[in-house]
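# Overview (structure and organization)
Each chain, written out:
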Amino acid sequence: QVQLVESGGGLVQAGGSLRLSCAASGRTFSSYVMGWFRQAPGKEREFVAGISRSGGYTAYADSVKDRFTISRDNAKNTVYLQMNSLKPEDTASYYCAAGSVIGMAVVLTHFRRYDYWGQGTQVTVSS
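Residue numbers run consecutively from 1 along every chain, following the written order of its sequence. Note on the predicted model: pLDDT of at least 70 is required for a residue's local features to be given, and 80 or more for side-chain atom pairs to be given and counted; whole-chain, interface and lining totals, by contrast, use all residues. Derived side-chain values reflect all non-hydrogen atoms in the structure, with water molecules and hydrogen atoms excluded from consideration.

## Quick notes on the state of the cysteines
By definition, disulfides here are pairs of cysteine sulfur atoms that lie within 2.5 Å. Applying the stated rule across the entire model yields one disulfide. Disulfide pairing places cysteine 22 opposite cysteine 96 at an S-S distance of 2.1 Å. Because the torsion about its S-S bond is -75 degrees, the bridge between cysteine 22 and cysteine 96 counts as left-handed. With a gap of 74 residues between them, cysteine 22 in strand β3 (residues 18-24) and cysteine 96 in strand β9 (residues 92-100) connect regions that are remote in the sequence. Numbering of helices and strands runs from the N terminus; a helix is a DSSP stretch of H or I covering at least four residues, while a strand is a stretch of E covering at least two.

Below is the structure:
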């Protein structure tokens with residue numbers, strides 16, 4: 001069982017930056033692939049970024065590539081999402097997720113592959 005708590009959301013102007021954090025409970029954090037998803041009102045949940053168990057492999061949605069960076073610190077049981085050059089269309093609730101996999105080079109991009117979810121943190125980008 002893993003419990004995930006996101007933080008770092010808020011209101012920012014277009015072009016600004018935010019860093020989201022997701023703290024995980026438990027002693028097996030490094031056993032999980034981690035991901036960030038987002039959901040805007042009236043829209044489906046969409047993949048934003050994912051990172052492998054060791055942190056050596058990452059994947060991004062095309063809409064955030066070159067602007068967002070996912071990273072993890074297994075010693076601190078925390079995964080981060082650095083968001084730069086924010087746009088109004090990035091406005092959404094952002095969710096952290098953990099997926100149990102065996103491979104060290106695996107990155108999961110589909111929400112159904114994730115087993116645990118945080119409660120979400122709101123990011124609002126004003127124009």
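## Remarks on the side chain of arginine 53
Mapping arginine 53 onto the fold places it in the loop between β5 (46-51) and β6 (58-60). Summary of the burial criterion: residues with accessible area below 20% of their type's maximum are buried, those above 50% are exposed, and those between are partly exposed, where the area comes from a 1.4 Å probe applied to protein chains only. In this tally Asp and Glu are treated as negative and Lys and Arg as positive; neither His nor the chain ends contributes. Definition used for salt bridges: Asp or Glu carboxyl oxygen within 4 Å of a side-chain nitrogen of Lys or Arg. Here arginine 53 sits buried without a salt bridge, and the closest side chain of opposite charge, aspartate 115, lies 11 Å off (N-O distance). Apart from the residues within four sequence positions on either side, arginine 53 is in contact with Ser30, Ser31, Tyr32, Val33, Arg72, Asn74, Val101, Ile102, Gly103, Met104 and Val106. Between two residues, a contact is recorded if the distance between any of their heavy atoms is within 4.5 Å.

## Some details on the pairing of strand β11 (residues 121-126)
Burial along β11 is one-sided: Thr121, Val123 and Val125 are buried, and none of Gln122, Thr124 and Ser126, which face the opposite way, are. Following DSSP output, two strands are said to pair if at least two bridges run between them. By the bridge criterion, four bridges tie strand β2 (residues 10-13) to β11 in an arrangement that is parallel. Paired with glycine 10 across the strands is valine 123, a residue of β11. Across three bridges, the pairing between β9 and β11 is antiparallel. Paired with serine 93 across the two strands is glutamine 122, which belongs to β11.

## Here we look at the environment of serine 17
On the secondary structure map, serine 17 appears in the loop between β2 and β3. According to the relative accessible area criterion, serine 17 is partly exposed, its value standing at 39%. Sequence spacing of serine 17 and methionine 83 is 66 residues, and the spatial spacing of their C-alpha atoms is 5.4 Å. Discounting chain neighbours no more than four positions away, the residues touching serine 17 are Val12, Gln82, Met83, Asn84, Ser85 and Leu86. A polar contact of 2.9 Å, which involves the side chain of serine 17, links it to the side chain of asparagine 84. Polar contact criterion, stated in full: a pair of N or O atoms within 3.5 Å, where within protein one must be able to donate a hydrogen and the other to accept it, and residues adjacent in sequence count only if both atoms are side-chain atoms.

## Some remarks on the pairing of strand β7 (residues 68-73)
The two faces of β7 differ: Phe68, Ile70 and Arg72 on one face are buried, but Thr69, Ser71 and Asp73 on the other face are not. The pairing of β7 with strand β8 (residues 78-83) spans six bridges and is antiparallel. Following the sheet pairing, isoleucine 70 is matched in β8 by leucine 81. Linking β7 back to β8 in an antiparallel pair, the connection comprises four residues, with asparagine 77 at a positive phi of about 55 degrees.

## A closer look at the nonpolar core
As used here, the term nonpolar core means buried Ala, Val, Leu, Ile, Met, Phe, Trp, Tyr and Cys residues forming a set that is joined through side-chain atoms within 4.5 Å. Judged by nonpolar contacts, the single largest core of 37 residues is most densely connected at Met34, Trp36, Val79, Leu81, Met83 and Tyr94. Those elements giving two or more residues to this core turn out to be β3, β4 (32-39), β5, β7, β8, β9 and β11.

## Structural notes on the layout of surface pockets
One number sums up the size of the largest pocket: a volume of about 170 Å³. Under the convention adopted here, Pro, Cys and the residues Ala, Val, Leu, Ile, Met, Phe, Trp and Tyr are nonpolar, Asp, Glu, Lys and Arg are charged, and Gly plus all remaining residues are polar. Of the residues assigned to the lining of the largest pocket, the class counts are two nonpolar, three polar and eight charged. Put simply, the grid is 1 Å and covers the protein atoms alone, a cavity is a trapped set of points that fit a 1.4 Å probe, a pocket is an open set with protein on both sides within 12 Å along at least five of seven lines, and lining residues have an atom within 4 Å of a point. Grid points are joined across faces, edges and corners, and a volume is the space filled by probe spheres set on the points.

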